[in-house]
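Overview (structure and organization)
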Amino acid sequence: MGSTGGWRCSGLRWPEGADAPVLGWLGGAARVSVLGYGKELGFRAAGERHCVGARGNVCPLGALVSGRSTGARCPECARLDRAHSVAADTIADDPRTYRVYLAWFGPGMVKVGITAEERGAARLREQGAVVFSWLGRGPLMAARRTEELLRAALGVPDRIPYARKRAVRAVLPGVAERVAEVEELYGRAAALETGAGWPQSLERLPFEPVDHTGVFGLDGPVEVGRAVTELVDGGVVGGRLVAAAGPDLHLATADGVVVLDTRLMTGWELVGADARSRVTVPVVDIGGGGVQDGLF
């Protein structure tokens, strides 16, 4: 717990098998807040935003970081964090089994990626994947080679900006259209198993689409008017949770729905505030591009 009696957020998580996301908190003892739709949330940022460190270690400099940064790390801690990252290709001897997946975020927005099998579909929910299907499973390097092969052959990226994901949530097509786009790419990927040669150690998995609109609260009318660009000292965010996807919380406020990227909360000391207070932090119309952020 900080000097003002507040808490520091460790981020939004989507535990495997859970019905709702949770916010992690660092304080006298680590704890989580389960976020159910309809729940009212309110907090105020206090003081300055500090680097969150890397891999469980406190930043040795206690460095200040930009309010707009979604990573909340100084350059040195960011380097250390990436140095032990599967996503950055810096770990080649991980003995765990990995899965290759296709993830759909909106029309024309499909990516291929990998995740540790033990994590289940948590990684897909963390990215805000509206629909996904597994492609295969096997050792890390086989999964990585397959990911690179499919990325090139299918012409799909490994990263999609969150601003693009947010912009389409209010206009998602029906479930049949969503699934059909993933199924078409799955068929093309499966055809490459013999032609282009998937690694022999990678086991292909059947097409079994999973739709997350219900889990995310996106299965009804969705409004995505504005997005928080940064927190500021004394700035308040409050509202009723109506949807959540990836790191984003969709909060109904007196001025319409505001999307909060919870990565902007890390590094701040946060204290409770009236959930029905006006939002007094900088926001931007999502049509204007949203937060300039990381691409995962």
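Scroll up to find the structure this text is about.
None of the values given here were measured: they were computed from a predicted structure.

**Concerning the state of the cysteines**
All told, the structure shown has 0 disulfides when counted by the stated rule. The thiol of Cys-74 is unpaired, and the distance to the nearest cysteine sulfur, on Cys-77, comes to 3.7 Å. Overall, the relative accessible area of 6% leaves Cys-74 in the buried class. Cysteine Cys-77 is unpaired, with the sulfur of Cys-51 as its nearest cysteine sulfur at 3.7 Å.

**Details of the pairing of strand 6 (residues 109–116)**
Taking burial as the measure, the 8 residues of strand 6 include 8 buried ones, the bulk of the element. In strand 6, alternate side chains face the same way, and those of Met-109, Lys-111, Gly-113 and Thr-115 on one face and Val-110, Val-112, Ile-114 and Ala-116 on the other are all buried. Examined bridge by bridge, strand 5 (residues 97–106) and strand 6 share 8 bridges and lie antiparallel to one another. Note that in strand 6 the partner of Leu-102 across the bridge is Val-112. Linking strand 5 to strand 6, which pair antiparallel, is a turn of 2 residues; within it Gly-108 sits at a positive phi near 75 degrees.

**Side note on the packing of aromatic side chains**
Scanning all chains against the criterion turns up 4 aromatic pairs. Considering the side-chain rings of Tyr-186 and Phe-207, the 5.3 Å spacing of their centres and the 50 degrees angle between planes classify their relative orientation as tilted. Taken together, the residues Tyr-186 in helix 5 (residues 175–197) and Phe-207 in the loop between strand 8 (203–204) and strand 9 (210–211) connect sequence positions 21 residues apart. Under the relative-accessibility criterion, Tyr-186 is labelled buried at 7%. Three or more aromatic residues joined by ring pairs make a cluster, and in this case those are Tyr-101, Phe-132 and Trp-134. Directly above the aromatic system of Phe-105 lies the positively charged group of Lys-165, at a separation of 4.3 Å from the ring centroid.

**What about the nonpolar core?**
Membership of the largest hydrophobic core comes to 73 residues, with the highest contact counts inside it found for Leu-135, Leu-150, Leu-231, Met-265 and Leu-270. Met-265 has contacts with Cys-9, Leu-23, Trp-25, Phe-43, Leu-231, Leu-260 and Leu-270, leaving out every residue within four places of it along the chain. Among the nonpolar cores identified, the runner-up in size contains 7 residues, and Ala-54, Ala-63, Cys-74 and Cys-77 belong to it.

**Here we look at unusual backbone geometry**
Look at Arg-55: it is not a glycine, yet its phi comes out positive at around 55 degrees. A relative accessible area of 47% means that Arg-55 is categorised as partly exposed.

**Section: the layout of surface pockets**
By volume, the second largest pocket is sized at about 250 Å³. What lines the second largest pocket is a set of 18 residues, and nearest its centre among them are Leu-23, Trp-25, Leu-41, Gly-42 and Phe-43. With 4 residues, the top contributor of residues to the lining of the second largest pocket is strand 4 (residues 40–46). Class assignment for the residues of the lining of the second largest pocket results in 12 nonpolar, 3 polar and 3 charged.

**A closer look at the sheet that holds strand 14 (residues 269–272)**
Taken together, the 10 strands give an open sheet; going across it, the order is 3-2-1-14-4-11-12-13-10-15, and neighbouring strands pair in mixed fashion. The open sheet has two edge strands with one neighbour each: strand 3 (31–34) and strand 15 (283–285). Across the sheet, the mean angle separating the axes of adjacent strands is 45 degrees when strand polarity is ignored.

Parameters and conventions
Residues numbered from 1 in each chain as written. Predicted model: local features only at pLDDT ≥ 70, side-chain atom pairs only at ≥ 80, totals over all residues. Heavy atoms only, no water. Disulfide = S-S within 2.5 Å. Buried < 20%, exposed > 50% of the residue type's maximum accessible area, 1.4 Å probe, protein only. Helix = DSSP H or I, 4+ residues; strand = E, 2+ residues; numbered from the N terminus. Pairing = 2+ DSSP bridges. Phe/Tyr/Trp six-rings, centres within 6.5 Å; stacked < 30°, edge-to-face > 60°. Lys NZ or Arg CZ within 6 Å of the ring centre and 35° of its normal. Core = buried A, V, L, I, M, F, W, Y, C linked by side-chain atoms within 4.5 Å. Contact = heavy atoms within 4.5 Å. 1 Å grid on protein atoms, 1.4 Å probe; cavity = no way out; pocket = protein on both sides within 12 Å on 5 of 7 lines; lining within 4 Å. Points joined across faces, edges and corners; volume = space filled by probe spheres on them. Nonpolar A, V, L, I, M, F, W, Y, C, P; charged D, E, K, R; others polar. Axes fitted to C-alpha atoms, helices over the stretch in contact; angles between N-to-C directions.

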